[in-house]
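Chain and residue survey
This is what each chain is made of:
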Amino acid sequence: MVYFKEYIPYDDDLETPSLGEGETVTKSVAGNRHMPRSKAASGPEDSPNQVRSDSTYNELRELIVSGLLSPGARLVEGEVARRLGVSRTPVRSAFHRLQQEGYAVPASGGHVRTRLVVSPMTSEDAADLFNIVGELEGLSGRYAADLDRAARVRLSDEMTRLNSELLAASQVTQPDATRMFEFDVRFHRQLVEAASPPRLLALHDAIKPQVDRYARLYLSSLTAELPLSVAEHSEIVRSLRRGDGDGTQQMIQTNWRNAADRVGTIIESIGERGVW
């Protein structure tokens, strides 16, 4: 995947060639529905321009992660600016940031200037992202295992509760993929927030939403596999409760490697998204 080819904005007054199936930002968000507003808060020291830039980035990232902007959808600067009610400057800044973090990739089609599209979802990309998150969370788990016993017990109890909720949610007659996704996210987030230093937490926050794209899209196809993940979660908790840093780190890495394999199998079965 190529993330870092320089993005040079097009003049949106030029005719834009179609990539098929109406894959543009305007058609990915149906009708005149408003784009969701960002929940991110900015500090009082931020300038108005920075606030707008951050808000625009957060809105676009949420649209990508939630699937409202589908893999392969074309990102057109002028259309995004009109939809969000901002100038092109914060949109341009957001596009650069999305590209740097891997949410968007170039699709120049031979043009000198670079058009961006939402990053495709492929088995190779999933393996890359899942293993990166596994390494980050593995380190978080090692730090959490060094907490004092009382803190480890509280954390282990909460993670056990969430894991039980995840298993129960997968065993109902008609499992709710969103509900299962939320329990899984909360399970892992409890561990990450427990003892991660700021830099590790920032790295995790930058990468994990890209994994969430895959979880949101493919989790309903993985319901039958969830008991395996729940069992792996239980092993993580057991190692954590004992204060076993090596064991906790290794089990977290194993959980994410296995998750990458499971998702990869599903992608190969039903096809990649956004590849053209």
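Located above this text is the structure these notes cover.
Summary of the structure given here. Because the structure is a prediction, the values reported are computed rather than measured.

Pairing between the strands of a sheet is mediated by backbone hydrogen bonds and can be parallel or antiparallel. Here we have three strands laid out as an open sheet, ordered 1-3-2, and antiparallel in their pairing. The strands lining the two open edges of the sheet, one partner per strand, are strand 1 (74–75) and strand 2 (104–106). In the sheet, strand 1 pairs with strand 3 (residues 116–118) via two bridges, with the strands oriented antiparallel. Pairing of R74 across the sheet is with V117, part of strand 3. Sheet contacts for helix 4 (residues 88–100): strand 1, strand 2 and strand 3; angle to strand 2, the most-contacted strand, approximately 90 degrees.

Packing of helix 2 (residues 48–66) against helix 8 (residues 198–218) leaves a shortest axis separation of 8 Å and a crossing angle of 35 degrees. Here R61, E62, I64, V65 and S66 of helix 2 lie close against helix 8, whose contacting residues are D205, P209, D212, R213 and R216. Taken together, the residues of the contact of helix 2 with helix 8 break down into three nonpolar, one polar and six charged.

With that settled, consider the pattern of salt bridges. The tally for this structure, following the rule as stated, stands at 14 salt bridges. When the shortest N-O distance is used, the salt bridge between E79 and R82 registers 2.9 Å. Taken as a pair, E79 and R82 lie in helix 3 (residues 77–84) at a separation of three residues, close to a single helical turn. Classification of R82 as exposed rests on a relative accessible area of 55%. A salt bridge links D244 to R242; the nearest nitrogen and oxygen atoms lie 3.6 Å apart. A relative accessible area of 55% means that R242 is categorised as exposed. Connected through salt bridges with shared partners, the residues D54, R97 and E101 form a single ionic network.

The terminal C-alpha atoms of helix 4 lie 18 Å apart, and with 13 residues this matches the ideal 18 Å at 1.5 Å per residue to within 8%. Residues of helix 4 that are buried include every one of P90, V91, A94, F95, L98 and Q99, and no others. Against the buried residues of helix 4 lie helix 2, strand 1, helix 3, strand 2 and strand 3. One or two steps after helix 4, the chain reaches G102, where phi turns positive at roughly 95 degrees.

A separate point is the packing of helix 7 (residues 177–195) against helix 9 (residues 226–242). Orientation of helix 7 relative to helix 9, taken along the N-to-C sense of each, is 20 degrees, at an axis distance of 12 Å. Comparing the axis directions of helix 7 and helix 9 gives the class roughly parallel. Pair helix 7 / helix 9 crosses with left-handed handedness. Packed against helix 7, whose contacting residues are M180, D184, F187, H188 and L191, the element helix 9 presents L226, H233, V237 and L240 at the interface.

Applying the stated criterion across every chain, the model contains three aromatic pairs. Where F130 meets W256, the ring centres are 5.5 Å apart and the plane angle is 75 degrees; that geometry is what we call edge-to-face. Pair noted here: F130 is in helix 5 (residues 123–145) and W256 is in helix 10 (residues 245–270), with a separation of 126 residues, a long-range link. Judged on exposure class, the residue F130 and its partner W256 are both buried.

Remark: the empty space left among the atoms is shown by a probe the size of a water molecule rolled over them. As enumerated under the stated definition, the model contains two cavities of 30 Å³ or more in all. Space inside the largest cavity adds up to approximately 300 Å³. If you go around the largest cavity, you meet 20 residues; those closest to its centre are F130, D184, L219, S229 and A259. Every element with two or more residues in the lining of the largest cavity is listed here: helix 7, helix 8, helix 9 and helix 10. Looking at the lining of the largest cavity residue by residue, the classes come out as eleven nonpolar, four polar and five charged.

With respect to the secondary-structure elements, Q253 resides in helix 10. Among all residues touching Q253, those that are not within four sequence positions of it are G134 and E135.

On to helix 9. When the terminal C-alpha atoms of helix 9 are compared, their 25 Å separation across 17 residues agrees well with the 24 Å that a helix rising 1.5 Å per residue should span. Where helix 9 is concerned, the buried positions are L226, S229, V230, E232, H233, I236, V237, S239 and L240. Tucked inside the fold, the buried residues of helix 9 contact helix 5, helix 6 (149–170), helix 7 and helix 10. Residue G243 follows helix 9 closely and has a positive phi angle near 80 degrees.

What counts, and at which threshold
Residues numbered from 1 in each chain as written. Predicted model: local features only at pLDDT ≥ 70, side-chain atom pairs only at ≥ 80, totals over all residues. Heavy atoms only, no water. Pairing = 2+ DSSP bridges. Helix = DSSP H or I, 4+ residues; strand = E, 2+ residues; numbered from the N terminus. Contact = heavy atoms within 4.5 Å. Axes fitted to C-alpha atoms, helices over the stretch in contact; angles between N-to-C directions. Nonpolar A, V, L, I, M, F, W, Y, C, P; charged D, E, K, R; others polar. Salt bridge = Lys/Arg side-chain N within 4 Å of Asp/Glu carboxyl O. Buried < 20%, exposed > 50% of the residue type's maximum accessible area, 1.4 Å probe, protein only. Expected span 1.5 Å × (residues − 1). Parallel < 35°, antiparallel > 145°, perpendicular 65-115°, else oblique. Left-handed = near helix turned anticlockwise from the far one by under 90°. Phe/Tyr/Trp six-rings, centres within 6.5 Å; stacked < 30°, edge-to-face > 60°. 1 Å grid on protein atoms, 1.4 Å probe; cavity = no way out; pocket = protein on both sides within 12 Å on 5 of 7 lines; lining within 4 Å. Points joined across faces, edges and corners; volume = space filled by probe spheres on them.

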